[in-house]
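# Reading the structure
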Amino acid sequence: MTAMVPVAAKKDFVRWFLKRYKLKRRECVWILNYLLSHEHLLQNVHFTDEAHYCPRSMVMSVTGTESIPFRFYKGNLMTADAEKSFHDLRLHPDDKMYIQLNFPNSHASPQYASVREENPFLPAYLQVSESDRKIAERLIEETVATMTADMLMKRIDEALDTNDKERFITLSAMLNDMKIAKD
């Protein structure tokens, strides 16, 4: 699991989230506000994806999404009763709680990324393997290099068309440096 997210960062995120989104169930707003006022509980809260794999978790969704409004999971129990999760929070303040928030473009949100943690209970078949991660990184690097070389070639052609010798020499040197670094 990634490094622990500070409580202050979680508080800032929850406040940001509550200001911008309307949850499908009002009880979810109550739960998040309750967490804001109880730092000890928030310390044991982890925002993650695929929370239903966790031993104790909640899934909350905002209006305008296709996702389920609310689910609470504990062991083999699953319920849509938000009051049960609220009571469980109060009765077991030292147990970890994993929360998944479903809202538009959540994966592109820097605010959510700042508090989201890897799910330690995600089954292996759903996790990205190290070899797949390296392949993806290599593909990105190759794509960037190809696009950069194409852009340099286009600018070199423009420099030739405009008879700009100085620009041609500079851009050609950059392209050669790229080719040398690649080899």
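To be clear, the structure that these remarks concern was listed above.
What counts as what
- Residues numbered from 1 in each chain as written.
- Predicted model: local features only at pLDDT ≥ 70, side-chain atom pairs only at ≥ 80, totals over all residues.
- Heavy atoms only, no water.
- Buried < 20%, exposed > 50% of the residue type's maximum accessible area, 1.4 Å probe, protein only.
- Helix = DSSP H or I, 4+ residues; strand = E, 2+ residues; numbered from the N terminus.
- Pairing = 2+ DSSP bridges.
- Axes fitted to C-alpha atoms, helices over the stretch in contact; angles between N-to-C directions.
- Parallel < 35°, antiparallel > 145°, perpendicular 65-115°, else oblique.
- Left-handed = near helix turned anticlockwise from the far one by under 90°.
- Contact = heavy atoms within 4.5 Å.
- Nonpolar A, V, L, I, M, F, W, Y, C, P; charged D, E, K, R; others polar.
- Polar contact = N/O pair within 3.5 Å; in protein donor to acceptor, adjacent residues only side chain to side chain.

### Examining the pairing of strand β2 (residues 56–61)
A large share of β2 lies buried, amounting to six of its six residues. In β2, alternate side chains face the same way, and those of R56, M58 and M60 on one face and S57, V59 and S61 on the other are all buried. In this structure, β2 lies alongside strand β3 (residues 70–74), joined through five bridges in antiparallel fashion. Among the inter-strand pairings, S57 is bridged to a residue of β3, identified as Y73. In the sheet, β2 pairs with strand β5 (residues 97–102) via five bridges, with the strands oriented parallel. Bridging across to β5, M60 finds its partner in L101.

### A short note on unusual backbone geometry
The backbone of E50 shows a phi angle near 50°, a positive value even though the residue is not glycine. The exposure class assigned to E50 is partly exposed, which follows from its relative accessible area of 35%. Its identity is not glycine, yet N105 carries a phi of approximately 55°, on the positive side. Turning to its location among the elements, N105 is positioned in the loop between β5 and α5 (110–113).

### Quick word on the packing of helix α1 (residues 7–20) against helix α2 (residues 26–36)
Orientation of α1 relative to α2, taken along the N-to-C sense of each, is 150°, at an axis distance of 10 Å. In terms of their interaxial angle, α1 and α2 are classed as roughly antiparallel. Between α1 and α2 the crossing geometry is left-handed. Along the contact surface, α1 presents K11, V14, R15, F17 and L18, while α2 presents V29, L32, N33 and L36. Split by residue class, the contact of α1 with α2 holds six nonpolar, one polar and two charged.

### Some details on the environment of R20
Considering the arrangement of structural elements, one finds R20 in helix α1. Once the C-alpha coordinates of R20 and D94 are considered, the two residues, 74 residues apart in sequence, prove to be 29 Å apart. A polar side-chain atom of R20 sits 3.2 Å from the main-chain carbonyl oxygen of W16.

### Examining the sheet that holds β5
The mixed open sheet is built from five strands, whose spatial order is β1-β5-β2-β3-β4. Either end of the sheet is taken by a strand with one partner, and the two such strands are β1 (45–47) and β4 (77–79). Neighbour to neighbour, the strand axes of the sheet diverge by 20° on average, direction disregarded. Where β3 meets β4, three bridges bridge the pair, whose relative direction is antiparallel. In the strand pairing of β4, K74 is matched with L77. Those strands touched by α2 are β1, β2, β3 and β5, and its axis lies near 125° from that of β2. Taken strand by strand, helix α4 (residues 82–91) contacts β2, β3, β4 and β5, and its axis lies near 45° from that of β3.

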